[in-house]
Amino acid sequence: PNGFRNSAPCGTYYGQKIDTTDPTYGGTHLSYAPCGYTPPQLRSAYGIDTAVRGGLDGRGQTIAIVDAFASPTVYSDAAEYSRRNDPSHPLLAWQFSQHVFPENADQEVACDASGWYGEETLDVEAAHGMAPGANILYVGASDCLGASLDVGLNYVVANHLADVVSNSYGDQGEDVPTSDVNAFHAIAIEATLEGIGLDFSSGDDGDEVANIGHPEADFSASDPLVTAVGGTSLGIGSTGRTVVQTGW
């Protein structure tokens, strides 16, 4: 089936296959990009592999993920990913549940409804890969509009359905209506009082200067009650250790 593939030549770890056909950088030939890291490699790079093997793997905790719409094959896809890449930690059926709000058909095209499926599946696979013992609750909002996503987040927080929420959507910069900021912040306050952690991706484009002309943090990652999680390009060597890392 269709899906993203890193083109050859790519290695199973950073530095396995060196590009000697292009000019050097700083006098050194660099590695081709890895084909893709497995959950054990990522757990090793971030220093939690020993803890996970010892049973500190997220068991007894629930991770909620909010996105727009819902892939009809998310569980089977994520389970197959685990089977292929982390067979000692399968994603069991009882570990995964979802609550999907009625889809707003008027926004299907504008929101690229099926385009969210890959993001949703990636989020579930990543969460399970780093905390393979945790339960995962996926909440599908009616559409990609901020109000709908807030409804999905509020469903988790108001009912205290998770211990942490991990979301990878956001606005490009903080140029959002004050009413939207206030609505989200009210949910964030309630989550804080309930002891629910809110993690949001900080965005893919640094300080957004290239997109909006001036430096500005992305929202909702910029809310003071949110943990903003930045993306990196990561080089994991043959021993599972980080050998290079640069922020986005």
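Residue numbers run consecutively from 1 along every chain, following the written order of its sequence. Restriction of local features to residues with pLDDT of at least 70 applies here, the model being predicted, together with a cutoff of 80 or more for giving and counting side-chain atom pairs; totals for whole chains, interfaces and linings are based on all residues. For side-chain calculations, the full set of non-hydrogen atoms in the structure is used, while hydrogens and water are omitted.

Q: In this structure, what is going on with the packing of aromatic side chains? I would like to understand it.
A: Each aromatic ring pair is characterised by the separation of its centres together with the angle its planes make. Ring pairs shown here join Phe, Tyr and Trp side chains whose ring centres sit within 6.5 Å, with only the six-membered ring taken for Trp; geometry is labelled stacked below 30 degrees between planes, edge-to-face above 60, and tilted in between. Under the criterion given, the structure shown has 5 aromatic pairs. Aromatic side chains Phe-101 and Tyr-155 sit 5.8 Å apart centroid to centroid with 85° between the ring planes, which places their arrangement in the edge-to-face category. In this pair, Phe-101 sits in the loop between β2 (96-100) and α4 (115-130) while Tyr-155 sits in helix α5 (residues 146-158), placing the two residues 54 residues apart along the sequence. For each residue, the accessible area found with a 1.4 Å probe, counting protein chains only, is set against the maximum for its type, and the residue is called buried under 20%, exposed over 50%, and partly exposed in between. Classification of Tyr-155 as partly exposed rests on a relative accessible area of 24%. Members of the aromatic cluster, joined through ring pairs, are Tyr-169, Phe-184, Phe-200 and Phe-219. Working definition: helices are DSSP H or I runs of at least four residues, strands are E runs of at least two. Numbering for both runs from the N terminus.

Q: Would you mind showing me how to read a nonpolar patch on the surface here?
A: There is a patch of nonpolar side chains on the surface, built from Ile-189, Leu-193 and Leu-225 and spanning about 290 Å² of accessible area. Position of Leu-225 among the secondary structure elements: in the loop between α7 (209-212) and β6 (227-229). Residue Leu-225 is classed as partly exposed on the basis of its relative accessible area, which comes to 33%. Like-charged residues are merged into a patch within 9 Å and nonpolar side chains (Val, Leu, Ile, Met, Phe, Trp, Tyr) within 5 Å, provided each residue has over 30% relative accessible area and no salt bridge. Values of accessible area rely on a 1.4 Å probe in the Shrake-Rupley scheme; residue burial ignores everything except the protein chains shown. Salt bridges are counted wherever a side-chain nitrogen of Lys or Arg sits within 4 Å of a carboxyl oxygen of Asp or Glu.

Q: Sorry if this is basic, but what is going on with the state of the cysteines here?
A: Each disulfide consists of one covalent bond between the sulfur atoms belonging to two cysteines. By disulfide we mean two sulfur atoms from cysteines, separated by a distance within 2.5 Å. The tally for this structure, following the rule as stated, stands at 2 disulfides. A sulfur-sulfur separation of 2.0 Å characterises the disulfide bridge that pairs Cys-10 with Cys-35. Judged by the sign of its S-S torsion, about 100°, the cystine formed by Cys-10 and Cys-35 is right-handed. One end of the pair, Cys-10, is in the segment before α1 (39-45); the other, Cys-35, is in the segment before α1, and 25 residues separate them in sequence. Exposure remark for Cys-10: the relative accessible area of 12% places this residue in the buried category. Take Cys-35: its relative accessible area is 39%, and that puts it in the partly exposed class. Ordering the disulfide-forming cysteines of the chain by sequence position, one finds them joined as 1-2, 3-4.

Q: Sorry if this is basic, but what is going on with the packing of helix α3 (residues 74-85) against α4 here?
A: The geometry of a pair of packed helices is captured by two quantities: the angle between their axes and the separation between those axes. Interhelical geometry of α3 versus α4 gives an angle of 45° and a closest axis separation of 9 Å. On the basis of the axis angle, α3 is oblique to α4. In the packing of α3 onto α4, the handedness of the crossing is right-handed. Contact residues: Val-74, Asp-77, Ala-78, Tyr-81 and Ser-82 in α3; Glu-120, Thr-121, Val-124, Glu-125 and His-128 in α4. The class makeup of the residues in the contact of α3 with α4 is 4 nonpolar, 3 polar and 3 charged. Here the axes come from fitting lines to C-alpha atoms, over the contacting stretch only for helices, and the angles between their N-to-C directions go from 0 to 180 degrees. Roughly parallel refers to an angle under 35 degrees, roughly antiparallel to one over 145, roughly perpendicular to one between 65 and 115, and oblique to any angle outside these ranges. The hand of a helix crossing depends on one turn: near helix anticlockwise from the far one by less than a right angle means left-handed, and clockwise means right-handed. Any pair of residues with heavy atoms lying within 4.5 Å of one another is described as a contacting pair. All amino acids are sorted into three groups, where Ala, Val, Leu, Ile, Met, Phe, Trp, Tyr, Cys and Pro are nonpolar, Asp, Glu, Lys and Arg are charged, and the leftover types, Gly among them, are polar.

Q: Would you mind showing me how to read the pairing of strand β1 (residues 62-68) here?
A: One face of the sheet, then the other: side chains in a regular strand alternate in exactly this way. A large share of β1 lies buried, amounting to 7 of its 7 residues. On β1, burial covers both faces: Thr-62, Ala-64, Val-66 and Ala-68 on one face and Ile-63, Ile-65 and Asp-67 on the other are all buried. If DSSP finds at least two bridges between two strands, the strands pair. Bridge analysis of β1 against strand β3 (residues 135-141) gives 7 bridges, and the strand direction is parallel. Paired with Ile-65 across the two strands is Tyr-138, which belongs to β3. Here 2 bridges tie β1 to strand β4 (residues 164-167), and the two strands are oriented parallel to one another. Bridged to Ile-63 within β4 is Val-164.

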